[in-house]
Amino acid sequence: MTYANVQVPFVDFSFQHGPIQAELDAALQSVVQRGDFVLGQAVSDFEASFAAACGTGYGVGVGCGTDAIALGLQACGIGPGDEVLIPANTFVATLIGVMRTGATPVLVDCDRATALIDLEAAARAVTPNTRAIVPVHLYGQMVSPRSLLDFAQAHKVLIFEDAAQAHLAEREGYRAGSIGIAAAFSFYPSKNLGAFGDGGMVVTQDASVAQTLRSLRNYGAPRKYYHTDYGTNSRLDTLQAAVLQVKLPHLHSWNQSRNQAAQHYDQLLAPLQDYGIVPMRNDSGPGHVYHLYVLKVDAACSLDRAAIQTGLEQLGILTGIHYPLPCHLQPAFQKLGYHPGDFPSAEALCEQIVSLPMYPGLEFGQIQLVVDSLKALLTANAPAVIPA
Ligand SMILES: *Cc1c(COP(=O)(O)O)cnc(C)c1O
């Protein structure tokens, strides 16, 4: 880390791992003792546990969240000639996952208040070739399940959730991962449920999707040395599964800790709306699992976003931007033929958003310090006309 004096880091794992260190060590040791390093007992145990936690019947562990999207969609029958709707303002892995199936990604703008996919815009993007929508439960908030199910029924498309930021999130009585035909999760270390390296999983209610996936992740071989699919090597590592199995029972309380921290941010930040600081709206109450706490620095703000980030950094508070460039403006994807101006809300948000420190165990005193520091920066720069 290049910062001299960090008061509030962006992410801190000590609250999660400290109290369960002995259990984690024992779980790792037991894998080493068994020696079942690839597709070992811990993988099938964790697949069953995580699928049950999501309210689904089957879980298939894969190498990472990106593979969960690519292989998951492929197992659902998505491929060349199909169009798949995705939000323009997601992490680029959603787009990569869709493109790896050979299907055509069709990007859709977002809602400026929540940053979630705009389903009215999605409806306008539907063509006779549209086969699926990949809603991204961005920042830990689910896209409305009822609206998604209505959408899927009206347009005869599959729902494949990108739930990489939304482990155990809830909305309208649904749990993330349980709305559509299947869903992808990532266990990248900083996700709400994080491994000690890469990992991912597809959960589904569909036995045949699960069966196809078990083959696809293992060289396309339903049994050893007999290959029925053009598969790959992408398996959830047994050591990672052992870690995740120890962490899973704590996930709900860690999510609650994130949600409480977010409520404190919301309360303390409310007076700063007049200064152009506007938190993303929570439409799902306690079901929002706040992978990230994101606010907008809008046009009314006396400071630009970069000045706010630098000012906070100088005070020892680390922030991020998720994400600074929308998918359609990434150099690698110019071939998709999109242009600046195609998705005005996604593009506007990319210029305005800042993610504040957020992790389970973030203390109220730290939240107070973040908000007080922000307030000090803004009032030092506020023109007299802005009400105090
Ligand atoms: C992290 C993430 C992914 C990709 O997961 P990896 O495990 O890093 O491959 C996909 N989609 C979203 C929304 C993510 O946040």
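Not measured: the values here are computed from a predicted model.

**Student:** Can you lay out the overall build of the protein for me, pointing to particular residues and giving the numbers?
**Tutor:** Secondary structure assignment for the protein yields 13 helices and 12 strands. Computed over the C-alpha atoms, the radius of gyration of the protein is 21 Å, within 12% of the 21 Å expected from 2.2 N^0.38 for a compact globule of 388 residues. Expressed along its principal axes, the backbone C-alpha trace of the protein runs to roughly 75 × 55 × 40 Å. Relative to its 388 residues, the protein shows a buried fraction of 56%. The contacts in the protein between residues at least 6 apart in sequence include a share of 72% that link residues at least 24 apart. When the accessible surface of the protein is totalled, it reaches about 16000 Å², and 53% of it is carbon and sulfur.

**Student:** Give me the lowdown on the site of the ligand, citing residues and values where you can.
**Tutor:** By nearness alone, 16 residues border the ligand, and G65, T66, D162, S186 and K191 come closest of all. The separation between an oxygen atom of the ligand and a polar main-chain atom of G65 is 2.7 Å. A distance of 2.6 Å is found between an oxygen atom of the ligand and a side-chain nitrogen or oxygen belonging to T66. Assessed atom by atom at 2 Å from the grid points, the ligand resides in the largest pocket. Here the shell around the ligand is built from residues that sort into 7 nonpolar, 7 polar and 2 charged.

**Student:** Explain the domain arrangement of the protein residue by residue, including any values.
**Tutor:** According to the domain assignment, the protein consists of domain 1 (14–249) and domain 2 (251–381). Relative placement of domain 1 and domain 2: their C-alpha centres are 25 Å apart. Contacts between the two partners involve 40 residues from domain 1, matched on the other side by 36 residues from domain 2. Broken down residue by residue, the surface that domain 1 buries against domain 2 is led by R112, Y139 and N192, which jointly contribute 23%. Linking domain 1 to domain 2 there are 23 residue pairs in polar contact (both at pLDDT 80 or more).

**Student:** Describe the nonpolar core, naming the residues involved and giving the relevant values.
**Tutor:** One finds F46, F50, I133 and F187 to be the most contacted residues of the largest nonpolar core, which totals 94 residues. Per-element tally for this core: the top contributor is helix α3 (residues 41–54), with 6 residues. Residues contacting F46, with those up to four places away along its chain left out, are F187, L193, M201, L236, A241, L244, Q245 and L248.

**Student:** Summarise the sheet that holds strand β5 (residues 158–162); cite the residues concerned and give the values.
**Tutor:** In space, the 7 strands of this open sheet follow the order β1-β9-β8-β5-β4-β2-β3, with mixed pairing throughout. Strands at the two margins of the open sheet, each flanked by one partner only, are β1 (58–62) and β3 (104–108). When strand polarity is set aside, the average angle formed by the axes of neighbouring strands in this sheet is 25°. For strand β2 (residues 83–87) and strand β4 (residues 130–133), the ladder comprises 3 bridges, and the chain directions are parallel.

**Student:** So what's going on with the pairing of β4? Residues and values would help.
**Tutor:** By the bridge criterion, 2 bridges tie β4 to β5 in an arrangement that is parallel. By the bridge assignment for β5, A132 is matched with L158. Traced from β4 through helix α7 (residues 145–155) to β5, the parallel crossover comes out right-handed.

**Student:** Describe in detail the environment of V8, supporting the description with residues and values.
**Tutor:** Within the secondary structure, V8 sits in the segment before α1 (14–17). Overall, V8 belongs to the buried group, its relative accessible area being 0%. Along the primary structure V8 and G316 are separated by 308 residues, whereas in three dimensions their C-alpha atoms are 6.3 Å apart. Setting aside chain neighbours within four positions, we find V8 in contact with G316, I317, L318, P357, Y359, L362, Q366, L369 and V370.

The rules we used
- Residues numbered from 1 in each chain as written.
- Predicted model: local features only at pLDDT ≥ 70, side-chain atom pairs only at ≥ 80, totals over all residues.
- Heavy atoms only, no water.
- Helix = DSSP H or I, 4+ residues; strand = E, 2+ residues; numbered from the N terminus.
- Rg over C-alpha atoms; globule rule 2.2 N^0.38 Å.
- Buried < 20%, exposed > 50% of the residue type's maximum accessible area, 1.4 Å probe, protein only.
- Contact = heavy atoms within 4.5 Å.
- Areas by Shrake-Rupley, 256 points an atom, 1.4 Å probe, with all protein chains shown as cover.
- Near = heavy atom within 4 Å.
- Polar contact = N/O pair within 3.5 Å; in protein donor to acceptor, adjacent residues only side chain to side chain.
- 1 Å grid on protein atoms, 1.4 Å probe; cavity = no way out; pocket = protein on both sides within 12 Å on 5 of 7 lines; lining within 4 Å.
- Sits in = over half its atoms within 2 Å of the grid points.
- Nonpolar A, V, L, I, M, F, W, Y, C, P; charged D, E, K, R; others polar.
- Domains from an automatic or database assignment.
- Buried area = accessible area lost by both parts, 1.4 Å probe.
- Core = buried A, V, L, I, M, F, W, Y, C linked by side-chain atoms within 4.5 Å.
- Pairing = 2+ DSSP bridges.
- Axes fitted to C-alpha atoms, helices over the stretch in contact; angles between N-to-C directions.
- Right-handed = clockwise from strand over helix to strand, strands pointing away.

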